[in-house]
Amino acid sequence: MAFSFKNMFLSQVAIDLGTANTLIYVKGNGIMLDEPSIVAYDKDGEIIAIGSEAREMLGRAPEDIKIIRPLSDGVIADFEATEHMLKSFIKKVQIIRPTIIVCIPSGVTEVEKRAVRDSAERAGAKLVKLIYEPMAAAIGVGLDIAQPVGNMIVDIGGGTTEIAVISLNGIVVKESIKVAGDGMDKAIMNFFKRKYNLLIGDKTAEEIKINIGSAYPLDKEVKTLVKGRDLVAGAPKVKEITSEEIREALEIPIKKIVEAVKMTLERTPPELAADILDRGIMLTGGGALLKGLQKRLQTETNLAVHVAEDPLRAVVLGTAKALENMTTYAKVLI
Ligand SMILES: Nc1ncnc2c1ncn2[C@@H]1O[C@H](COP(=O)(O)OP(=O)(O)OP(=O)(O)O)[C@@H](O)[C@H]1O
Ligand SMILES: [Mg+2]
C-alpha cells in the first residue's frame, strides 16, 4: 500500500455500505477494503474490533462485549456504530478528507439518505454524493445505462433485494423488498427450531445456506452435519440434514424474491419489457450466488437470467466507475 502524501488528501473514494459487507474503492488504487459491516464494543463502549475480526466474535462473545451490525434491511439502524465503522474503515485505507460516493438502496426515505450523508461526513468526508444501488450495479456489470434501452437488474444483498428497470440514466420501474441473504439465514434458523428443536447461530445458518442452500433442485443433492443446541435437552447436538430440506427452508424468502421480480415485470412499460425479453435479467449481490437461483428465476419468468461475473463487487465497481467519470454519470449521482 504505497501512498503519496498528495494522494492522501486529494483522494476520491467509492463505498458500498452494505448490510452484510462494506467495500471501499480508492481512485487510482482499486478495491482496498472488503469487510463485513460489523463492529464490536467492550463494556465501556470502546471499539475492540471491526469487520472480519468482529465477525469472528459473532455468537461467541461474553455478555459485556456488544457485537453490532450497524445496518439492517439495507439502511442505517445504528447511526453511531455506522459512523464509527466508516471512520475506522476510512482510516484503514489511509485516506484523509476524501470525496466519497456512497451507494444507497433505491427504496430509502429522505431521512435515511440524510443519515448516510451525515455518517460519511462525520467519518471525515469532504464531499458526499449518493448513488442508487441498482444503478451502481448496472454500471458495475458494464450495462450502458444512458441508452434508450431497458435493462433489468436484480441485486440480492444481505438486507434488501433491489429490482430495477433502467433506461436513459434513470430508474423507470423499481421494487425494493427487505428480503435477501439475512432473511434466508433466518429462514434456515427457524426451520431447525421448528423441525428439530435445534437452535443454531446466524453464522452457522449462513454457512449452511452458502454450502448446500439452493433455490432449484440440484444435479446431485447433498448432506451435511449441523451443530447447534438442543432446545429440549439443552445440550449441544449434531444433526444430519439434506440439501432438499434446506431448499424447503428457503422457500418462503425465495418465493418472495421471485414474486417481486414478476411484479416488477408486470409494471414495466411494454417497450422496455420487449428489451428485457431480448436482453434478459442481470443478477448481482451475494444472493445471486445461491445455487439454482438463476435457474429458478429463468423457469418462473421465462426470461434469460445472467449472473454478474463478480456479483459481490458489482455495486462497488459501478460506484467506482461513476467516481472516475463524474461528468458522464452526473445524472445518476444524487
Ligand atoms: N455463495 C453464496 N450463496 C448464497 N448466498 C451468498 C453466497 N455468498 C454470499 N452470500 C450472501 O450474500 C449476502 C451478502 O451480499 P452483499 O455483500 O451483496 O450484501 P450487502 O451489499 O452487504 O447488503 P445490502 O445490499 O442488502 O445492503 C449475505 O447474506 C451472504 O450470506
Ligand atoms: Mg448491496
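Residues numbered from 1 in each chain as written. Chains lettered and ligands numbered in written order. Predicted model: local features only at pLDDT ≥ 70, side-chain atom pairs only at ≥ 80, totals over all residues.

So, the overall build of the protein chain
In terms of helices and strands, the protein chain carries 11 helices and 18 strands. Against the compact-globule benchmark of 20 Å for 334 residues, the protein chain has a radius of gyration of 20 Å, which places it among compact chains. Projected onto the principal axes, the alpha-carbon positions of the protein chain cover approximately 60 × 55 × 35 Å. Relative to its 334 residues, the protein chain shows a buried fraction of 48%. Taking all contacts inside the protein chain whose residues are at least 6 apart in sequence as the whole, residues at least 24 apart take part in 64%. (Helix = DSSP H or I, 4+ residues; strand = E, 2+ residues; numbered from the N terminus. Rg over C-alpha atoms; globule rule 2.2 N^0.38 Å. Buried ≥ 20, exposed ≤ 12 C-beta atoms within 10 Å, placed from the backbone. Contact = placed C-beta atoms within 7 Å.)

Things to note about the pairing of strand β12 (residues 161-167)
A regular strand places its side chains on the two faces of the sheet in alternate fashion. With respect to burial, β12 is a largely interior element, 7 of its 7 residues being buried. In this structure, strand β11 (residues 151-156) lies alongside β12, joined through 6 bridges in antiparallel fashion. Paired with Ile153 across the bridge in β12 is Ala164. Turn length for the β11-β12 hairpin, with the two strands adjacent in sequence and antiparallel, is 4 residues. The pairing of β12 with strand β13 (residues 170-177) spans 7 bridges and is antiparallel. Each bridged residue has a counterpart across the sheet, and for Ser167 the counterpart in β13 is Gly170. (Pairing = 2+ DSSP bridges.)

Some words on helix α5 (residues 133-140)
Each full turn of the α-helix corresponds to 3.6 residues, which orients residues three or four apart in the same direction. Within α5, 8 of the 8 residues are buried, leaving the element largely enclosed by the surrounding structure. For α5, the set of buried residues is Glu133, Pro134, Met135, Ala136, Ala137, Ala138, Ile139 and Gly140.

Structural notes on the sheet that holds strand β6 (residues 66-68)
Spatial ordering of the open sheet is given by β5-β4-β6, a layout of 3 strands whose pairing is antiparallel. The sheet is open, and its two borders are formed by β5 (47-50) and β6, each paired with just one other strand. On average, adjacent strands in this sheet sit at an angle of 20° to one another, irrespective of strand direction. The pairing of strand β4 (residues 39-41) with β5 spans 3 bridges and is classified as antiparallel. From the neighbouring strand, Ala40 faces β5, where its bridge partner is Ala49. Its contacts with the sheet place helix α3 (residues 79-92) against β4, β5 and β6, and it is angled at close to 70° to β5. (Axes fitted to C-alpha atoms, helices over the stretch in contact; angles between N-to-C directions.)

Some remarks on the site of ligand 1
Taken together, 21 residues surround ligand 1, and among them Gly18, Ala20, Gly157, Gly181 and Gly286 come closest. For the shell around ligand 1, the elements supplying multiple residues, two or more each, are α6 (181-196) and α7 (202-212). It is α7 that contributes the most residues to the shell around ligand 1, 3 residues altogether. The residue inventory of the shell around ligand 1, partitioned by class, reads 6 nonpolar, 12 polar and 3 charged. (Near = placed C-beta within 6 Å. Nonpolar A, V, L, I, M, F, W, Y, C, P; charged D, E, K, R; others polar.)

Overview of the environment of Phe191
Here Phe191 is to be found in helix α6. Phe191 gets classed as buried once you count the C-beta atoms within 10 Å, which come to 22. For the pair formed by Phe191 and Glu245, sequence separation is 54 residues and the distance between their alpha carbons is 8.9 Å.

Observations regarding the domain arrangement of the protein chain
Each assigned domain of the protein chain is listed here: domain 1 (5-136 + 314-332), domain 2 (144-179 + 251-307) and domain 3 (181-249). Computed from C-alpha atoms alone, the centre-to-centre distance between domain 2 and domain 3 is 27 Å. Across the contact, 17 residues belong to domain 2 and 12 residues belong to domain 3. When contributions to the side of domain 2 that touches domain 3 are tallied by element, the ones reaching two or more residues are α8 (243-266) and α10 (293-301). Tallied by class, residues from the side of domain 2 that touches domain 3 come to 7 nonpolar, 6 polar and 4 charged. (Domains from an automatic or database assignment.)

A word on the packing of α8 against α10
Closest axis-to-axis distance for the α8/α10 pair is 11 Å, and the angle between their directions is 45°. Comparing their axes, α10 and α8 come out oblique. Considering the relative orientation of α8 and α10, their crossing is right-handed. Two secondary-structure elements touch here, α8 through Ile254, Val258, Val261, Lys262 and Leu265 and α10 through Arg296, Leu297, Glu300 and Thr301. (Parallel < 35°, antiparallel > 145°, perpendicular 65-115°, else oblique. Left-handed = near helix turned anticlockwise from the far one by under 90°.)

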